Amino acid sequence: MLLLIDGHNLIGQMPDIDLADPHDEAKLVLRLRRYRAHTGHRITVVFDGGIPAGWSANLSTGGVEVVFAGERKTADAVIVGRIRRHRDPRSVVVVSTDRAVAEAARRRGARVIPATAFARELTQLGSAPEPEVGDEDLD
């Protein structure tokens, strides 16, 4: 199973991560790494923005692939494109509260989990102390 996550959408639902925090993406990725270690699910998280666009070598570790949409695309467009190109969309679970993304996912047979529900799951799992965000986790 692949979790395909709308990153900023999820951060907006997290009670302890703020979109205004300059390290919000790194904090979410640390949480997702812990989730991956606990569940074994493959995870791709897509964020709006980012220069350069594409795969982030700095953040893509611990079984979590991190992708930035760049200036000319949105995370939603990247997610929908990945769903359309996936060989087995029924093995994909999309985490987003965006209606257009959810509809596109369902049309291809992917399952959708609202970001609000997934945020609760991450928060419940996160009862252990969070690792500190260091400079090596940023960028």
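Above this text is the structure in question.
Residues numbered from 1 in each chain as written. Predicted model: local features only at pLDDT ≥ 70, side-chain atom pairs only at ≥ 80, totals over all residues. Heavy atoms only, no water.

Draft legend 1. Fine view of the packing of helix H2 (residues 24-39) against helix H5 (residues 115-125). Between H2 and H5, the least distance of the axes is 10 Å, while the angle of their chain directions is 75°. Classed by the angle they form, the pair H2 and H5 counts as roughly perpendicular. Touching Leu-28, Arg-31, Leu-32, Arg-34, Tyr-35 and His-38 of H2 are Phe-118, Glu-121, Leu-122, Thr-123 and Leu-125, all from H5. Residue composition of the contact of H2 with H5, by class: 6 nonpolar, 2 polar and 3 charged. (Axes fitted to C-alpha atoms, helices over the stretch in contact; angles between N-to-C directions. Helix = DSSP H or I, 4+ residues; strand = E, 2+ residues; numbered from the N terminus. Parallel < 35°, antiparallel > 145°, perpendicular 65-115°, else oblique. Contact = heavy atoms within 4.5 Å. Nonpolar A, V, L, I, M, F, W, Y, C, P; charged D, E, K, R; others polar.)

Draft legend 2. Just the pairing of strand S1 (residues 2-6), in detail. Across the 5 residues that make up S1, a large majority, 5, are buried. Of the two faces of S1, the one holding Leu-2, Leu-4 and Asp-6 and the one holding Leu-3 and Ile-5 are both buried throughout. Inspection of the sheet shows S1 paired to strand S2 (residues 42-47) by 5 bridges, in the parallel sense. Counted as the bridge partner of Leu-2 is Arg-42 from S2. (Buried < 20%, exposed > 50% of the residue type's maximum accessible area, 1.4 Å probe, protein only. Pairing = 2+ DSSP bridges.)

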